[in-house]
Amino acid sequence: MVEGVEVVEDDEGWPFPCKPDPGARHLTPVATIARAIDDLVRRAQSGEEAAFEALYRAHAGRVFALCLRLSGDRTRAVELVQDVFVRCWERLGSFRGESAFGSWLYRLAVNLVWMANRGDRRREARVLPVEDPQALERSGDATTAGVSVDLERAIGSLPDGAREVFVLYDIEGYRHEEIARMTGIAVGTSKAQLFRARRLLREKLER
Amino acid sequence: MNEREPDTELTPEQQRAVGELPRRIEPPEDLWPGIRDRIRQGNRGVGSGGWSWRFWVPLAIAASLLLAVGVRLAWVRTGSWSVERTAGAPRVDGALMGTSGTLRVGEWVETDDSSQAVIAVGTIGHVDVRPGSRVRLVRARDTDHRLALAYGAIHAKVDAPPRIFFVETPAGTVIDLGCEYTLETDSVGRGLIHVTGGYVEFAANGVRSIVPLGAYAMTRPGRGPGVPYLEDAPAALRAALESFDFNQGGAAAVRQALAAARAEDALSLWHLLVRVESAQRGDVYDRLAALVPPPAGVTREGALAQDPAMLERYWSLIRRIEFRRIILKGIRDVDPRTGLAR
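Residues numbered from 1 in each chain as written. Chains lettered and ligands numbered in written order. Predicted model: local features only at pLDDT ≥ 70, side-chain atom pairs only at ≥ 80, totals over all residues.

Asker: For the overall build of chain A, give the residues involved together with the corresponding values.
Answerer: Helix and strand counts for chain A come out as 10 helices and two strands. When the helices and strands of chain A are read in sequence order from the N terminus, they spell out β-β-α-α-α-α-α-α-α-α-α-α. Counting the 207 residues in chain A, one finds 45% classified as buried. Long-range contacts, defined as pairs at least 24 residues apart, comprise 54% of the intrachain contacts of chain A with a sequence gap of at least 6. (Helix = DSSP H or I, 4+ residues; strand = E, 2+ residues; numbered from the N terminus. Buried ≥ 20, exposed ≤ 12 C-beta atoms within 10 Å, placed from the backbone. Contact = placed C-beta atoms within 7 Å.)

Given below as structure tokens:
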């Protein structure tokens, strides 16, 4: 971890590595965070590896959660996280700051995972939730961890298309239009897959 | 649409559980060393990674000198995109591809009758290469993402600022204005574009068509794009436009088009306005104005004189009406003359 950098969340829930900045006392917390992230991105864009590591540390948890749920495969998710950050490094020069860095990174991740999934439909088992429910319990509230694990198992067993849309819409909060833009499916398809996912999920949870 | 889809399938408890799922799950191990090694090995990215500028600056100077002595091919062939096989046995630059591969500048993706592939357009979108197609990567730069469709069909979906994604065809160049479309063409340039999101500009031989969501435009070799028309345009209008654009239908075809056009077809008449002979321009303007009254600031005289600002203002109104008509289809009855709900 880069010295002096701590991770906080902005108003959208994005984790931002925030280095205390005495010159930014007059700014709101969100503005301070944005300033810190801008600084890290600029430094990473100029090739500073330590700054990019800080960005990785701050965002790895959310990117891993996304890759895990979209791929349904723990081993694959680890590979995908690495691919996402390598791609991020390669594309960082094209990031113009028109959106939050986290949003840009997340879109890149969704695009990459979606492409990978399309070329990798042959996998047979989705092992994450069953293989290591502890990983989920460590991340959540202890009192709801059991429910979460059951839910993660049920989500992991959904058909690919339905699971992908459910994760993006119901867990990550994207709208159908955004999902359509990111993945190339039609808005109507996204809505149909969401309906299907919720129906299947309820059936699985009530069994 | 900004509202969330109401969840009528899950119980309130289940919805609450979904809402409480952790948004962060830490990876099972520290992945940074692997990432660091990869970006150091294949450093195509933004900066020097672990390399110092003392290494890169002399290297860059040497590379510049090489370029300066005329290694133009190396300059042209820089850049690559990823490509995934989605069906059959597509080829990249003549070789059968695996599940995925890299498409470099100058290389072709070819699909036979049972093959399909998807090309990632940098990070801004993707292009599905349909069966029986041949597509070349022409340029892969941040400001110029360019493919050439020799023949066949593609479906492009791009989320980027206008005019950074282009597809060249034998009959002209398709310029993305933030959109989704299907484009098909044969090897001499007889083709069709169907826009299913946003707008596309199709340009060739000094002719320009702006094709919005829900519209088609035909292309022909040596003529470029025809006048665009809506998915539900009357058959008589489509036939008249094809005659005018590609079969030397002349004034008779224009008259037939004017007679067949509805208010919804204003986008076709606007394109006709800038293409017909000056002697017929008044007829086209009068019909267009009767179907969709011009906005303030647009005069008959100005439109007939092809005043760019007035034509643009008229187009802007037509475009907004059409957009409202399509997005409110089935929800509101929109007056195609004004764009207002009836």
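Asker: Outline the overall build of chain B, supporting the account with residue identities and numerical values.
Answerer: Along the backbone of chain B there are 10 helices and 16 strands. Sorting the 342 residues of chain B into buried and exposed places 35% on the buried side. Intrachain contacts of chain B at a sequence separation of at least 6 include 39% that bridge at least 24 residues.

Asker: Can you lay out the environment of B:Gly94 for me, pointing to particular residues and giving the numbers?
Answerer: All names here are of chain B. By the element assignment, Gly94 lies in the loop between β2 (91-92) and β3 (95-96). On the neighbour-count criterion, Gly94 (8 C-beta atoms within 10 Å) is exposed. Considering only alpha carbons, one finds Gly94 and Glu107, 13 residues apart in sequence, at a separation of 8.7 Å.

Asker: Describe in detail the packing of helix α6 (residues 250-260) of chain B against helix α8 (residues 278-291) of chain B, supporting the description with residues and values.
Answerer: All names here are of chain B. Following both chains from N to C, one finds α6 and α8 inclined at 10°, their axes separated by 10 Å at the closest point. When the axis of α6 is compared with that of α8, the two are roughly parallel. Residues Ala251, Val254 and Leu258 of α6 pack against Gln280, Asp283, Val284 and Arg287 of α8. Of the residues assigned to the contact of α6 with α8, the class counts are four nonpolar, one polar and two charged. (Axes fitted to C-alpha atoms, helices over the stretch in contact; angles between N-to-C directions. Parallel < 35°, antiparallel > 145°, perpendicular 65-115°, else oblique. Nonpolar A, V, L, I, M, F, W, Y, C, P; charged D, E, K, R; others polar.)

Asker: Break down the pairing of strand β12 (residues 191-204) of chain B for me, with residues and values.
Answerer: Residues and elements named next belong to chain B. Summarising the sheet, strand β11 (residues 172-185) and β12 pair through 11 bridges and their orientation is antiparallel. Paired with Thr182 across the bridge in β12 is His194. Hairpin connection, β11 to β12: the antiparallel pair is bridged by five residues, and Gly189 has positive phi, about 110°. Bridge count between β12 and strand β14 (residues 215-220): four bridges; the pairing is antiparallel. Bridge pairing in β14 links Gly191 to Thr219. Sheet topology note: the β12/strand β13 (residues 207-212) ladder contains six bridges and is antiparallel. Along β13, the bridge assignment pairs Tyr199 with Pro212. Hairpin connection from β12 to β13: two residues lie between these consecutive antiparallel strands, with Asn205 at a positive phi of about 50°. (Pairing = 2+ DSSP bridges.)

Asker: Go over the packing of helix α2 (residues 49-71) of chain A against helix α3 (residues 74-91) of chain A with me, naming the residues and quoting the values.
Answerer: All names here are of chain A. Contact pair α2 / α3: the axes reach a minimum separation of 8 Å and the direction vectors enclose 135°. Here α3 runs oblique to α2, going by the angle between their axes. Crossing geometry of α2 relative to α3 is assigned as right-handed. Contact with α2, carried on its side by Phe52, Tyr56, Ala60, Val63, Phe64, Cys67, Leu68 and Ser71, involves Arg74, Arg76, Ala77, Leu80, Val81, Val84, Phe85 and Trp89 of α3 and no other residues of that element. (Left-handed = near helix turned anticlockwise from the far one by under 90°.)

Asker: Lay out α2(A) in plain terms, naming residues and giving numbers.
Answerer: Note: α-helices contain 3.6 residues per turn, so residues at a spacing of three or four share the same orientation. Residue and element names in this part refer to chain A. Under the 1.5 Å per step criterion, the end-to-end length of α2 is only 28 Å for 23 residues, more than 12% shorter than the ideal 33 Å. Of all bends in α2, the biggest is about 50°, found at His59. Of all 23 residues in α2, 19 are buried; the element is thus mostly enclosed. Where α2 terminates, the next one or two residues include Gly72, which has phi positive at roughly 70°. (Expected span 1.5 Å × (residues − 1). Bend = angle between axes of the 7 residues up to and from the residue.)

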